[in-house]
Amino acid sequence: MSRRVDALFATARATRRPVLVAYLCVGDPSVEASVTIARALLDAGADVLELGAPFSDPTADGPVIARASARAIAHGSSMRAAIQVGAELRKSSEAPLVLFGYANPIVVAGERETVARVADAGLDAMLIVDLPPEEGAELRAEAKARGVDVVPLLTPTSSATRVEAARAGASGFVYYVSVTGVTGALREGEAIDPLVAASHAAARLRAELSLPVVVGFGIDDAAKARRALGDAASGADGVVVGSAIVRAIEAAGSDVERAARDAAAVIAAIRKSL
Amino acid sequence: MSSASSPADPRNRGYFGPFGGRFVAETLVPALEELERAYREIFPSESFQREWRGLLADYVGRPTPLTRGERMRVLLDPSGERLSALFYKREDLCHTGAHKINNAIGQVLLAKRMGKARIIAETGAGQHGVATATACAFFGLPCEVYMGELDVARQAPNVARMKMLGAKVIAVSSGSRTLKDAMNEAMRDWVTNVATTYYCVGSAAGPHPYPSLVRDLQRVIGEEARAQLLSVTGRLPDAVVACVGGGSNAIGIFAPFVDDAGVALFGVEAGGLGVETDKHAATLTKGRIGVLHGAKSYVLCDDDGQIIEPHSISAGLDYPGVGPEHAELMRSGRATYLSATDDEALAAVKQVAEREGILLALETAHSVAALPRVLDALMAAGRSKAIVVVNFSGRGDKDLGTLMERLQPESASSGEGGAS
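Every chain's residues receive numbers from 1 upward, in the order its sequence appears when written. Working convention: letters from A go to chains and numbers from 1 go to ligands, in the order in which they are written. For a predicted model such as this one, the threshold for reporting local features is a pLDDT of at least 70, and the threshold for listing and counting side-chain atom pairs is 80 or more; totals across whole chains, interfaces and linings nevertheless cover every residue. Just so you know, side-chain values use all the structure's heavy atoms and leave hydrogens and water out.

Student: So what's going on with the interface of chain A and chain B? Which residues, and what values?
Tutor: Across the boundary between the two partners, chain A contributes 35 residues, which contact 36 residues of chain B. Buried area is understood as the total, over both parts, of accessible area removed when two parts are fitted together, assessed with a 1.4 Å probe. In total, about 2700 Å² of surface goes out of reach between chain A and chain B, with carbon and sulfur atoms giving 52% of it. Ranking the residues of chain A by area buried against chain B places Asp57, Thr59 and Glu135 of chain A at the top, with a combined share of 20%. Here a salt bridge means any side-chain nitrogen of Lys or Arg lying within 4 Å of a carboxyl oxygen belonging to Asp or Glu. At the junction of chain A and chain B, the tally comes to five salt bridges. The secondary structure listing takes helices from DSSP runs of H or I that are at least 4 residues long and strands from runs of E that are at least 2 residues long, numbered from the N terminus. Looking at the side of chain A that touches chain B, the elements that each hand over two or more residues are α3 (63–74), α5 (103–109) and β6 (153–154) of chain A. Any two residues whose heavy atoms approach within 4.5 Å are treated as being in contact.

Take a look at the structure:
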């Protein structure tokens, strides 16, 4: 179990301060720039960073993050680079850091070896999109031994048995996916607001699993963040902002200063309103 | 109904030895569990089997013939010392021109019985797309097919066929713009529309239960071939040969022979410009163990785990992964995997066309191209006067554009036979 993750959510709960999780795709526009942008996100009020390790075939991601992943790979980024960026950030920050990625780079590099690298770099958790609780036994055993959380994903399609499957070995926090779809895919104007539904699901899951729950997918502004958070007592513990940050970085092109400023502005605006 | 490693056993979660499993986003797990229930309960039921087998006979045109290939046999081994008889299992004569329809008609029937309202599929050469579009037209279900932009261009006749059958063809412009990218996009569609949509996977790949389901829908090829060979020759063959992309036609013909220890199994992968170059799709020959499209198996990827864009002249083999059961058959030594290059496949198309009067798909031609190496392997194992059966998985009408361009440049430039 990660000390930093537990402490952050405990404090957030005690002070009724929603947790803001920021995602960035490491290596877009360059690995070096990702360190600068990550620091700007933390300064702007992000509590947790998800360091996205780019994968060539990101089947759970929408076009924004898929494009960023392709650019990052072209600029020499990888899972190894994402872990190195985490190590660099750890020198100056105690914020929880989550390695976010897909199974293939981990299986190719070795499940144990990857967890060891993650732990040695001072990262707190891993979230592997295509590794449901039934898979990755070796990775999970090593993560437990090294105090690295493996964050489970739950979704609107998750039945009681899927929640039970996630329970075994879950630690740190739960990532609740607000929609059935890819990242950035929230559709507005539906009869039941998926973000409000997500806030209710998050509250239920927190009670069932005794773990904090953050809601992600499609949250790109303060109003959506507030809907997902619900009211402080019965909503989610936090929200994840991903595609909106990646979009701001994309729009800045190779201008790293602008990328850092605009990505930070996305987080700052949400932080301010919470 | 299951092979030795028995992924049909619910306790082993779709594993063939160390390969297989279910590596997907959590959103899809309930849909795969639903499909697994249908595979265990609906698929083996008498009512499903009766309807599906009936359609294989009356709609697909099964059983397909087993044809003796005497003129190719003479070319390969004039004396008959090494090769005494060569047979072709004629999946090219199935309705829509390839083995793909066995699977598509079975899966779409299953989807209908599961109450699904919409079918999606990915396709490389377009054969699975055409087969799925056909099955959807037959059952009256809407069909959308994802196809890489590059494949849309090089398999234009199949794109036109899908449209005629009422399917919507969605050109995928990401990545290598081929089969793997079509599969990525189909998975994104499925994750978004999972409640209403059935994903009809075209190969014996993907997350559990697809590799087992597709094998069981294709094993009719091997069941027929085994019975036909016994009836014609009075004995089992020395070798069964099939091309391998994802591996559905190969696993279909291999499956009923797996327990026949005396029958050697050969899969032939796409060697592209040569397996010593970086332009090939020989996943088992040159890949490493990884995870792609929901299963642990061999993949073509770099040291960072990024998938390498494969290359093959045949769109249907142009895939950087392979079905997990083939990975296990290779690991256990039960099957042997060879490769054939683009040029060898082209030459084989020409040979079989001119010597047997059969225009093969480029995919299928890889298996014929590897026959000299199969015979070498059989001789090395002390088997002379061999009986060999090759799975003729599909016909080559779809490849006429490529064939005219590569084999007869003069007539192509004079405006005949182009794909457009």
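After that view, the rundown keeps rolling.
Student: Report on the confidence of the model for chain B, specifying residues and quantitative values.
Tutor: Residues and elements named next belong to chain B. Scored from 0 to 100, pLDDT reflects the predictor's confidence in each residue. Residues of chain B with pLDDT of at least 70 account for 95%, and the chain-wide mean is 94. Low pLDDT, under 50, characterises residues 1–5; the stretch is placed with 14 contacts to residues that sit more than four places away or in other chains. Low pLDDT, under 50, characterises residues 412–420; the predicted model gives this stretch 10 contacts beyond four residues in sequence or across chains. Across the whole predicted complex the pTM is 0.94, and at the interface the ipTM reaches 0.95.

Student: Which residues make up the domain arrangement of chain B, and what values do they have?
Tutor: By a frequent convention, interface size equals the accessible area lost on bringing the separate parts together. All names here are of chain B. Domain delimitation in this document rests on an assignment produced automatically or drawn from a domain database. For chain B, the domain assignment lists domain 1 (15–57 + 100–214) and domain 2 (63–96 + 219–408). Each of domain 1 and domain 2 has a C-alpha centre, and the two are 23 Å apart. Summing the contributions of domain 1 and of domain 2, the shared interface buries around 3200 Å²; its carbon and sulfur component is 61%. Area buried by domain 1 at its contact with domain 2 is led by Phe19, Arg154 and Lys180, which between them contribute 21% of it. Counting the contacts that link domain 1 with domain 2 gives two salt bridges. Looking at the side of domain 1 that touches domain 2, the element that brings in the most residues is helix α8 (residues 179–192), giving five residues. Amino acid classes used here: Ala, Val, Leu, Ile, Met, Phe, Trp, Tyr, Cys and Pro are nonpolar; Asp, Glu, Lys and Arg are charged; the rest, including Gly, are polar. Along the lines of polarity and charge, the residues of the side of domain 1 that touches domain 2 split into 19 nonpolar, 16 polar and seven charged.

Student: Any details on α3 of chain A? Residues and values, ideally.
Tutor: Residues and elements named next belong to chain A. Expected span of a helix, by definition, is 1.5 Å for each gap between consecutive residues, and there is one gap fewer than residues. In this model α3 runs 16 Å from its N-terminal to its C-terminal C-alpha over 12 residues, within 8% of the 16 Å that 1.5 Å per residue would give. Burial classes follow relative accessibility: with a 1.4 Å probe on protein chains only, a residue under 20% of its type's maximum area counts as buried, one over 50% as exposed, and anything between as partly exposed. Here α3 has its buried residues at Val64, Ile65, Ala68, Ser69 and Ala72. Seen end-on, α3 carries its buried residues on one side only, within an arc spanning 130°. In this structure, α3 carries Pro63 and Ala74 as exposed residues pointing more than 90 degrees from its buried face. To obtain the arc, one takes the directions from the helix axis to the C-beta atoms.

Student: So, the pairing of strand β9 (residues 238–241) of chain A: which residues are in play, and what are the values?
Tutor: Residues in a regular strand project their side chains so that they alternate between the two faces of the sheet. All names here are of chain A. Residues of β9 alternate between two faces, with Gly238 and Val240 on one and Val239 and Val241 on the opposite face, all of them buried. As paired elements, strand β1 (residues 19–25) and β9 share four bridges and run parallel to each other. Its bridge partner being in β9, Ala22 is matched across the sheet by Val241. Pairing geometry for strand β8 (residues 213–216) and β9, over two bridges, is parallel. Among the inter-strand pairings, Val214 is bridged to a residue of β9, identified as Gly238. In this analysis, strands are considered paired if DSSP registers two or more bridges between them.

Student: Run through the sheet that holds strand β5 (residues 149–150) of chain A, naming residues and quoting values.
Tutor: All names here are of chain A. Taken in spatial order, the nine strands make up an open sheet running β5-β4-β3-β2-β1-β9-β8-β7-β6, and their pairing is parallel. The open sheet has two free edges, formed respectively by β5 and β6, since each of these has just one partner strand. Pairing analysis gives two bridges linking strand β4 (residues 125–128) to β5, with the strands arranged parallel. Looking across to β5, one finds that Ala125 is bridged to Asp149. Along the sheet, helix α1 (residues 3–15) contacts β1, β2 (48–52), β5 and β8; its crossing angle with β1, the most-contacted strand, is approximately 140°. Helix axes use the C-alpha atoms of the stretch in contact, all axes being lines fitted to C-alpha atoms, and the angles between their N-to-C directions lie in the range 0 to 180 degrees.

Student: Give me the sheet that holds strand β14 (residues 386–392) of chain B: which residues, what numbers.
Tutor: Residue and element names in this part refer to chain B. Taken together, the six strands give an open sheet; going across it, the order is β3-β4-β14-β9-β10-β13, and neighbouring strands pair in mixed fashion. The two strands at the open ends of the sheet, each matched to only one other strand, are β3 (66–68) and β13 (335–341). Ignoring strand direction, the axes of neighbouring strands in this sheet form an average angle of 25°. Direction of pairing for strand β9 (residues 239–243) relative to strand β10 (residues 264–272): parallel, over a ladder of five bridges. Across the sheet, the residue bridging to Val240 is Leu265, located in β10. Sheet strands touched by helix α10 (residues 220–233): β3, β4 (83–90) and β14. Its angle to β4, the strand with the most contacts, is close to 140°. Sitting on the sheet, helix α16 (residues 371–380) is in contact with β4, β9, β10, β13 and β14, with an inclination near 145° to β14.

Student: Can you lay out the nonpolar core for me, pointing to particular residues and giving the numbers?
Tutor: The biggest cluster of nonpolar side chains holds 126 residues, and the ones touching the most others in it are Tyr175 of chain A together with Leu110, Trp190, Tyr198, Tyr199 and Phe254 of chain B. Sequence-distant contacts of Trp190 of chain B, that is, excluding residues within four places in its chain, are made with Leu28, Ala31, Leu32, Ile120, Thr197, Tyr198, Tyr199 and Tyr210 of chain B. The definition of a nonpolar core used throughout is a set of buried Ala, Val, Leu, Ile, Met, Phe, Trp, Tyr and Cys residues joined through side-chain atoms within 4.5 Å. Counting residues in each nonpolar core, the second largest holds 76 residues, with Ala53, Tyr176, Leu229 and Ala236 of chain A among its members.

Student: Go over the side chain of Asp151 of chain B with me, naming the residues and quoting the values.
Tutor: Residues and elements named next belong to chain B. As for its position among the elements, Asp151 is in helix α6 (residues 149–154). For Asp151, a relative accessible area of 0% puts it in the buried group. Polar contact is the term for a pair of N or O atoms within 3.5 Å; when the atoms are in protein, one must be able to donate a hydrogen and the other to accept it, and sequence-neighboring residues count only if both atoms are side-chain atoms. At a separation of 2.9 Å, a polar atom in the side chain of Asp151 contacts the side chain of Arg154. Setting aside anything within four residues of it in sequence, one finds Asp151 in contact with Thr123, Gly124, Arg177, Thr178, Leu179 and Ala315.

Student: Residue-level account of unusual backbone geometry, with values.
Tutor: Between Asp28 of chain A and Pro29 of chain A the backbone carries a cis peptide bond, its omega angle lying at 5°. Inspection of the secondary structure assignment puts Pro29 of chain A in the loop between β1 and α2 (31–43). Going from Arg62 of chain B to Pro63 of chain B, the amide bond is cis rather than trans, its omega being 0°. Along the polypeptide, Pro63 of chain B turns up in the loop between α2 (46–60) and β3. The backbone phi angle of Phe217 of chain A is positive, close to 85°, even though this residue is not glycine. With respect to the secondary-structure elements, Phe217 of chain A resides in the loop between β8 and α10 (222–229). Positive phi is not limited to glycine here, since His293 of chain B has a value of about 50°. Mapping His293 of chain B onto the fold places it in the loop between β11 (288–292) and β12 (295–299).

Student: How would you sum up the pairing of β8 of chain A? Please name residues and give values.
Tutor: Residues and elements named next belong to chain A. Neither face of β8 is open: one carries Val213 and Val215, the other Val214 and Gly216, and all of them are buried. Strand direction decides the pairing type here: strand β7 (residues 174–177) and β8, joined by four bridges, are parallel. Bridged to Val177 within β8 is Gly216.

Student: I'd love a proper account of the packing of aromatic side chains, names of residues and values included.
Tutor: Residues and elements named next belong to chain B. What counts as a ring pair is set by centres within 6.5 Å for rings of Phe, Tyr and Trp (its six-membered ring), and what kind of pair is set by the plane angle: stacked under 30 degrees, edge-to-face over 60, tilted for all other angles. This model, assessed by the stated rule, comprises 14 aromatic pairs over all chains. Residues Trp190 and Tyr210 carry aromatic rings whose centres are separated by 6.3 Å and whose planes lie at 70° to one another, so their mutual orientation is edge-to-face. Of this pair, Trp190 sits in helix α8 while Tyr210 is found in helix α9 (residues 210–218), placing the two residues 20 residues apart along the sequence. By relative accessible area, Trp190 is classed as buried at 4%. Taken together through their ring pairs, the aromatic side chains of Tyr39, Phe43, Phe48 and Trp52 make up a single cluster.

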